[in-house]
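The residues making up each chain are set out below.
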Amino acid sequence: MVVKEELTKMGLHYVSVELGEVDVMEDFSAEQHDQFKAALLKSGLELMDDKKSVLIQKIKGIIIELAHYSDEPLAVKFSDFLSQKLNHDYTYLANLFSEVTGTTIEKFFIAHKIERVKELLVYNELNLTEIAYQMHYSSVAHLSTQFKKVTGLTPSHFKQLRDKRRSMLEDV
């Protein structure tokens, strides 16, 4: 809404405004570009006109969507899925991502999956087997190994710490 409003204020016509992407009919002058960028910054948004930055944001968005909001397992390998979705060779995407972010796509994806596992452990609605199944891990052991590698704790220990902290707060 903010993006649409700013474009309208500037007298620019847009074809579409999607998350992370705007298709504008007119060419931006350098002055309009700077004005638009400043207006977005005031609203806490950032104008990314570098195609590589846009691609990195798309990769991150897809990973976050998969890790936090998707219940369906992928029908193809993750690397193939990403390549198809973004119309780029996976090797190019992986090299660009690690060059810009300093981490690999795989580590970024695992970190987000583990964050989601932490949320599920905190909500205490599912046991570890159910969480492993929901997060598409091949086994509880695989989930536990990844969890410990990322957090330094086992899922059980993480849950115990949370329970201990909660009981301490109830005693106050």
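This report concerns the structure included in the present document.

**Topic: the pattern of salt bridges**
Pairing is possible between side chains of opposite charge, provided their charged atoms come close. Scanning the entire structure with this criterion turns up three salt bridges. The partner of E115 in a salt bridge is K118, with the nearest N and O atoms 2.9 Å apart. Of this pair, E115 and K118 are both found in helix 6 (residues 105–123), three residues apart, which corresponds to roughly one turn of the helix. Given a relative accessible area of 38%, E115 falls into the partly exposed group.

**A word on the packing of aromatic side chains**
Summed over all chains, the structure comprises three aromatic pairs. Look at F78 and F109: their rings are 4.6 Å apart centre to centre, the planes differ by 15°, and that puts the pair in the stacked class. On the criterion of sequence distance, the pair formed by F78 in helix 4 (residues 78–86) and F109 in helix 6 is long-range, its members being 31 residues apart. Overall, F78 belongs to the buried group, its relative accessible area being 17%. Residue F109 is classed as buried on the basis of its relative accessible area, which comes to 16%. Look at F97 and F108: their rings are 5.5 Å apart centre to centre, the planes differ by 65°, and that puts the pair in the edge-to-face class. Of this pair, F97 sits in helix 5 (residues 90–101) while F108 sits in helix 6, placing them eleven residues apart in sequence. The burial state of F97 is the same as that of F108; both residues are buried.

**Re helix 3 (residues 51–69)**
Taking 1.5 Å per residue, 19 residues should reach 27 Å; helix 3 reaches 26 Å between its end C-alpha atoms and fits that length. Residues of helix 3 that are buried: V54, L55, I56, I59, I62, I63, L66, A67 and H68. Residues of helix 3 that are buried make contact with helix 4, helix 5 and helix 6.

**A word on helix 1 (residues 2–9)**
Note that an α-helix has 3.6 residues per turn; residues three or four places apart therefore point the same way. Buried within helix 1 are the following residues: V3, E6 and L7. Seen along its axis, helix 1 keeps its buried residues to an arc of 100°; they face one direction. Those residues of helix 1 that are exposed and aimed more than 90 degrees away from the buried face are T8 and K9.

Rules behind the numbers
- Residues numbered from 1 in each chain as written.
- Predicted model: local features only at pLDDT ≥ 70, side-chain atom pairs only at ≥ 80, totals over all residues.
- Heavy atoms only, no water.
- Salt bridge = Lys/Arg side-chain N within 4 Å of Asp/Glu carboxyl O.
- Helix = DSSP H or I, 4+ residues; strand = E, 2+ residues; numbered from the N terminus.
- Buried < 20%, exposed > 50% of the residue type's maximum accessible area, 1.4 Å probe, protein only.
- Phe/Tyr/Trp six-rings, centres within 6.5 Å; stacked < 30°, edge-to-face > 60°.
- Expected span 1.5 Å × (residues − 1).
- Contact = heavy atoms within 4.5 Å.
- Arc of directions from axis to C-beta.

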